Every structure is written in C-alpha cells, then in structure tokens.
Amino acid sequence: MHANDSDSTSSVTPDAEAVDCSWMQRALELARHAEASDGEVPVGAVLVLNGEVVGEGWNRNITLDDPTAHAEIQALRDAGRRLGNYRFPGTTLYVTLEPCVMCAGAIVHARVARVVYGARDPKTGAAGSAFDVLQHERHNHRLEVRGGVLAVEAGELLTGFFRSRR
C-alpha cells in the first residue's frame, strides 16, 4: 500500500482522526465560500501549526485572473504573510482536493510536514493518483500524506459544482 492510500483510518488514532476531520471541516467551509461568493471551483485549504491556523485559502483563479491562485497556494501565501517566512516546518495542510503538480511542488518547497486531503483527483492529482510529487524519492524533503478524509463530502461538493455548470 502506498503511503497516501490511507483512505481507511486503521493506522490513525481516534484522536488524530478527530483532529483531521475537524480541520477538514474548516477546509470544506472555505471550499463552499469559494463557490458561493466567487463562483470558483469549490476547493479550500487550511495550514495548521501547533493547533492554530497560520494560513487559509480557497480557489481564486477566476476572481484574480491567476492560474496559480489555487486554494493551497493561497493558504501558503497567507501563511507567509502571517509568519514572515517562506518555510513552514511542522505544519499540516488540509485541502479538500488532492493537490495538483503545481501545488505539490510549492508544498514541498515550503517544507510542509504533512498533507491531509479529501477527494482524490485521478486526472491531475499529484499525491499518488496521477503523479506522486509529494513523496518522490528525489526530493530532499519528506512529508506525510493522508488521503480520503471526508472524501465523500469533498467529492460531492465538486460533483455538484460541475454538474450545475453543464
């Protein structure tokens, strides 16, 4: 089994499971905000350090006319402003959709310690679905990846969004 194939919670303690679900709920709130307020693809991200939010973001590609304005990038930029740094050791990034290659690269460079995501992205996911950027052996930084946290809810948000646009 690949490290990010942990859709089951068998290796996660009940306390850790509760913490992951709680922070993913916040990421889902941000995803809903992206859709409701900005008409964006509903993806949200929260960067957490020692139980505190240090960065938040949601998709803003359309709003900002910026192809790099994914939720993860927005959360990393927010953390940089708040912390006055570009590296975030010891942090966990919670994101409702498996990061893409661009976001995965930024996550690695930011030295995020752990990524927890909701829905898989079989077409462009870079945490093991289509690519495995987050745990590639050539990187000098290793991070933990856990997928599938509140995946049904995250997936339904995305499915509903795209269905409404067809």
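Chains are numbered independently. Their residues run from 1 in the order of the written sequence. Per-residue local features are limited, in this predicted model, to residues with pLDDT of at least 70; the limit for side-chain atom pairs, both in listing and counting, is 80 or more; totals at the level of whole chains, interfaces and linings are taken over all residues. Neither water nor hydrogens contribute to the side-chain values; these are computed over all heavy atoms in the structure.

## What about the overall build of the chain?
The numbering of helices and of strands both runs from the N terminus, where a helix is a DSSP run of H or I of at least 4 residues and a strand a run of E of at least 2. Counting secondary structure elements, the chain contains five helices and five strands. The order of α-helices and β-strands along the chain, N terminus first, is α-β-β-α-α-β-α-β-β-α. Against the 2.2 N^0.38 benchmark of 15 Å for 166 residues, the chain shows a C-alpha radius of gyration of 15 Å, consistent with a compact globule. Along the first, second and third principal axes, the C-alpha atoms of the chain reach 40 × 35 × 30 Å. Of the accessible surface of the chain, which amounts to about 8200 Å², a share of 54% is contributed by carbon and sulfur atoms. Placing the 17 positive and 22 negative side-chain charges of the chain at their respective mean positions leaves the two points 4 Å apart. We take the radius of gyration over the C-alpha atoms and set the globule estimate at 2.2 Å times the residue count to the 0.38 power. Residue-level accessible areas treat just the shown protein chains as cover; the underlying method is Shrake-Rupley with a 1.4 Å probe. Note on charges: Lys and Arg go in the positive column, Asp and Glu in the negative column, and His and the chain ends are not counted at all. Every charge is mapped onto a representative atom, which is NZ of Lys, CZ of Arg, CG of Asp or CD of Glu.

## Notes on the UniProt feature "active site" (unreviewed entry) in the chain
UniProt positions are given in the numbering used here, feature names are shortened, and annotations may be inferred rather than shown by experiment. Within this structure's numbering, the places UniProt gives as "active site" (unreviewed entry) are Glu 72. Locating Glu 72 in the fold gives a position in helix H3 (residues 71-83). Working rule for contacts: check all heavy atoms of both residues, and any pair within 4.5 Å makes them a contact. Once residues within four sequence positions are removed from consideration, Glu 72 is found in contact with Ala 45, Leu 93, Val 95, Leu 97, Pro 99, Cys 100, Cys 103 and Ile 107.

## Section: the sheet that holds strand E3 (residues 92-97)
Spatial ordering of the open sheet is given by E2-E1-E3-E4-E5, a layout of five strands whose pairing is mixed. Of all strands in the sheet, those bounded by a partner on one side alone are strand E2 (52-58) and strand E5 (144-146). The mean inter-strand angle of the sheet, taken between neighbouring strand axes irrespective of direction, is 15 degrees. Pairing of strand E1 (residues 44-49) with E2, which is carried by six bridges, proceeds in the antiparallel orientation. Residue pairing across strands places Leu 49 opposite Glu 52, the latter belonging to E2. Lying over the sheet, helix H5 (residues 151-164) contacts E3 and strand E4 (114-119), oriented at roughly 60 degrees with respect to E4. A pair of strands counts as paired when DSSP detects no fewer than two bridges linking them. Note on geometry: axes are C-alpha line fits, over the in-contact stretch for helices, and angles between N-to-C directions span 0 to 180 degrees.

## Section: the side chain of Gln 74
If you trace the backbone, Gln 74 turns up in helix H3. Non-local contacts of Gln 74, meaning those with residues more than four positions away in its chain, are made with Glu 56, Gly 57, Trp 58, Arg 60, Leu 64 and Ala 69.

## Points about the packing of H3 against helix H4 (residues 101-109)
Contact geometry for H3 and H4: axes closest at 9 Å, N-to-C directions at 25 degrees. When the axis of H3 is compared with that of H4, the two are roughly parallel. Here the hand of the crossing between H3 and H4 comes out left-handed. Here Glu 72, Ile 73 and Leu 76 of H3 lie close against H4, whose contacting residues are Met 102, Cys 103, Ala 106 and Ile 107. A per-class count over the contact of H3 with H4 returns six nonpolar, no polar and one charged. Put simply, angles under 35 degrees are roughly parallel, angles over 145 are roughly antiparallel, angles from 65 to 115 are roughly perpendicular, and the rest are oblique. By the definition used in this description, the sense in which the near helix is turned from the far one sets the handedness, with an anticlockwise turn below a right angle giving left-handed and a clockwise turn giving right-handed. Each residue gets one of three labels, nonpolar for Ala, Val, Leu, Ile, Met, Phe, Trp, Tyr, Cys and Pro, charged for Asp, Glu, Lys and Arg, and polar for the others, Gly among them.

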